[in-house]
Amino acid sequence: MALNLNKNLKLYYSIKEVAEMFGLNESTLRYWETEFPYLKPKTQGPNKVRQYSEKDIEQIRLIYNMVKVRGFKLAAAKKMINANRDGSDRKADVLSRLIGVREDLQALKRQLDGLQ
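Read on for a plain summary of the structure.

## A few points about the overall build of the chain
Each helix and strand in the chain was counted, giving five helices and two strands. Starting at the N terminus and ending at the C terminus, the chain contains elements arranged as α-α-β-β-α-α-α. Within the span of the chain, comprising 116 residues, buried residues form 27% of the whole. Of the roughly 8,600 Å² of accessible surface on the chain, a fraction of 54% belongs to carbon and sulfur atoms.

## Examining the side chain of Ser-53
Along the chain, Ser-53 falls in the loop between strand S2 (49-51) and helix H3 (54-69). Residue classification places Ser-53 among the buried residues on the basis of a relative accessible area of 19%. Residues contacting Ser-53, with those up to four places away along its chain left out, are Leu-11 and Tyr-12.

## Overview of the packing of helix H1 (residues 15-22) against H3
The contact between H1 and H3 brings their axes to 11 Å, and the two run at 35°. When the axes of H1 and H3 are compared, the crossing they make is right-handed. Within the contact between the two elements, H1 uses Val-18, Met-21 and Phe-22 and H3 uses Ile-57, Ile-60, Arg-61 and Tyr-64. Here the contact of H1 with H3 is composed, by residue class, of six nonpolar, no polar and one charged.

## Points about H1
Every buried residue of H1 is accounted for by Ile-15, Val-18, Ala-19 and Phe-22. Considered in projection along H1, the buried side chains sweep an arc of 100° and stay on one side of the axis. Close packing links the buried residues of H1 with helix H2 (26-35), S2 and H3. Directly after H1, the chain includes Gly-23, whose backbone phi takes a positive value near 70°.

## Some details on the pattern of salt bridges
One pass over the structure, following the stated rule, counts five salt bridges. Two residues, Asp-113 and Lys-109, come together in a salt bridge whose shortest N-O distance is 3.0 Å. Note that Asp-113 and Lys-109 are positioned in helix H5 (residues 85-115) at a spacing of four residues, about one turn of the helix. Assessed through its relative accessible area of 43%, Asp-113 is described here as partly exposed.

## As for the nonpolar core
In globular proteins that are soluble, nonpolar side chains generally tend to be buried together. Formed by 21 residues in total, the largest nonpolar core has its most connected members in Val-18, Leu-29, Trp-32, Phe-36, Tyr-52, Ile-60 and Ile-63. When residues of this core are assigned to their parent elements, the largest contribution, six residues, is made by H3. Those residues in contact with Tyr-52 that lie beyond four places of it in its chain are Leu-11, Tyr-12, Tyr-13, Ser-14, Ile-15, Val-18, Leu-29, Glu-33, Pro-41, Ile-57 and Ile-60.

About the thresholds
Residues numbered from 1 in each chain as written. Predicted model: local features only at pLDDT ≥ 70, side-chain atom pairs only at ≥ 80, totals over all residues. Heavy atoms only, no water. Helix = DSSP H or I, 4+ residues; strand = E, 2+ residues; numbered from the N terminus. Buried < 20%, exposed > 50% of the residue type's maximum accessible area, 1.4 Å probe, protein only. Areas by Shrake-Rupley, 256 points an atom, 1.4 Å probe, with all protein chains shown as cover. Contact = heavy atoms within 4.5 Å. Axes fitted to C-alpha atoms, helices over the stretch in contact; angles between N-to-C directions. Left-handed = near helix turned anticlockwise from the far one by under 90°. Nonpolar A, V, L, I, M, F, W, Y, C, P; charged D, E, K, R; others polar. Arc of directions from axis to C-beta. Salt bridge = Lys/Arg side-chain N within 4 Å of Asp/Glu carboxyl O. Core = buried A, V, L, I, M, F, W, Y, C linked by side-chain atoms within 4.5 Å.

Following this line, the structure appears as structure tokens:
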């Protein structure tokens, strides 16, 4: 059996780590938890430390895409996500892939420009 080196070994992320992933404030994530009922990270201990799973991070990525990238208001994003849950997930996935392709193409262009 082959070893998968790309596998992420971390099961849970802190609110600080997730906020840094998206360039958000921790308070923004806490607020989104109140606005989007399906975004419920695991809490542990007497201090209720939030632990975000990969699934939670995917939900945040979807909300981030709707609100920060596409410019929807929270109410509109919530309505659109609830109305078309599967379609919104696919759109967010496609958008993140396209952004990655664009970054790769820009890096390739810089390399080609350096050759001339």
